Amino acid sequence: MDYATARHYLLDRPEAEEVFPFGPDVAVFKIKGKMFATLAQDAGIARTNLKCDPDEAQALRDIFSGVLPGYHMNKKHWNTVLLDGSVPDHEIERMVDRSYGLVVKGLKKVERDALELAYSAEEIYR
């Protein structure tokens, strides 16, 4: 997966928005004002930070060489995924979906309920 494909997949999540609070080099993807991913590129290699269940975060690091503790993030809850071909695209998509779903579950009830009414559970928690 490359930068453009990852960006498209991140923006394809319901009501996802892209902002640049850290400058033009790091895209931050949010749902209802809460971050679920970052996307950056350095020396030609793209990377994304994704929220993750703590137990799953460590397991993914053990399985994939391209999954590292979250860069500039809480390393217990965030992973950095290198988009260098070391992690299969379908696994990156699954991690994006999981990150988005975890953040939605942590939203205020009124915000979460509004999303769940507007979109199917499959779209939100796939």
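Preceding block: the structure.
All values reported here derive from a predicted model rather than from experimental measurement.

(A) Structural detail: the overall build of the protein chain. If you tally the helices and strands in the protein chain, you get five helices and six strands. In the protein chain, the succession of α and β elements from N to C terminus is α-β-β-β-β-α-β-β-α-α-α. Relative to the compact-globule value of 14 Å for 126 residues, the protein chain shows a C-alpha radius of gyration of 14 Å, a close match. Here the C-alpha coordinates of the protein chain stretch approximately 40 × 30 × 25 Å along the principal axes. The burial tally for the protein chain puts 40% of its 126 residues in the buried class. Carbon and sulfur atoms make up 53% of the accessible area of the protein chain, which totals about 6700 Å². In the protein chain, which carries 17 positive and 21 negative side-chain charges, the distance between the mean positions of the two groups comes to 8 Å.

(B) Structural context of the packing of aromatic side chains. Taken as a whole, this structure holds one aromatic pair when the rule is applied. Judged by centre distance (5.2 Å) and plane angle (90°), the rings of Phe-36 and Tyr-100 are edge-to-face. Of this pair, Phe-36 sits in strand E3 (residues 34-42) while Tyr-100 is found in helix H3 (residues 89-105), placing the two residues 64 residues apart along the sequence. Geometry around Tyr-100 places Arg-13 over its ring, the cationic atom sitting 4.3 Å from the centre.

(C) Here's a closer look at the pairing of E3. Here strand E2 (residues 26-31) pairs with E3 via six bridges, running antiparallel. Among the inter-strand pairings, Ile-31 is bridged to a residue of E3, identified as Lys-34. Where E2 hands over to E3, the hairpin turn is made up of two residues, of which Lys-32 adopts a positive phi near 50°. Bridge count between E3 and strand E4 (residues 45-51): six bridges; the pairing is antiparallel. Its bridge partner being in E4, Asp-42 is matched across the sheet by Ile-45.

Criteria and thresholds
- Residues numbered from 1 in each chain as written.
- Predicted model: local features only at pLDDT ≥ 70, side-chain atom pairs only at ≥ 80, totals over all residues.
- Heavy atoms only, no water.
- Helix = DSSP H or I, 4+ residues; strand = E, 2+ residues; numbered from the N terminus.
- Rg over C-alpha atoms; globule rule 2.2 N^0.38 Å.
- Buried < 20%, exposed > 50% of the residue type's maximum accessible area, 1.4 Å probe, protein only.
- Areas by Shrake-Rupley, 256 points an atom, 1.4 Å probe, with all protein chains shown as cover.
- Lys, Arg positive; Asp, Glu negative; His and termini not counted.
- Charge placed at Lys NZ, Arg CZ, Asp CG, Glu CD.
- Phe/Tyr/Trp six-rings, centres within 6.5 Å; stacked < 30°, edge-to-face > 60°.
- Lys NZ or Arg CZ within 6 Å of the ring centre and 35° of its normal.
- Pairing = 2+ DSSP bridges.

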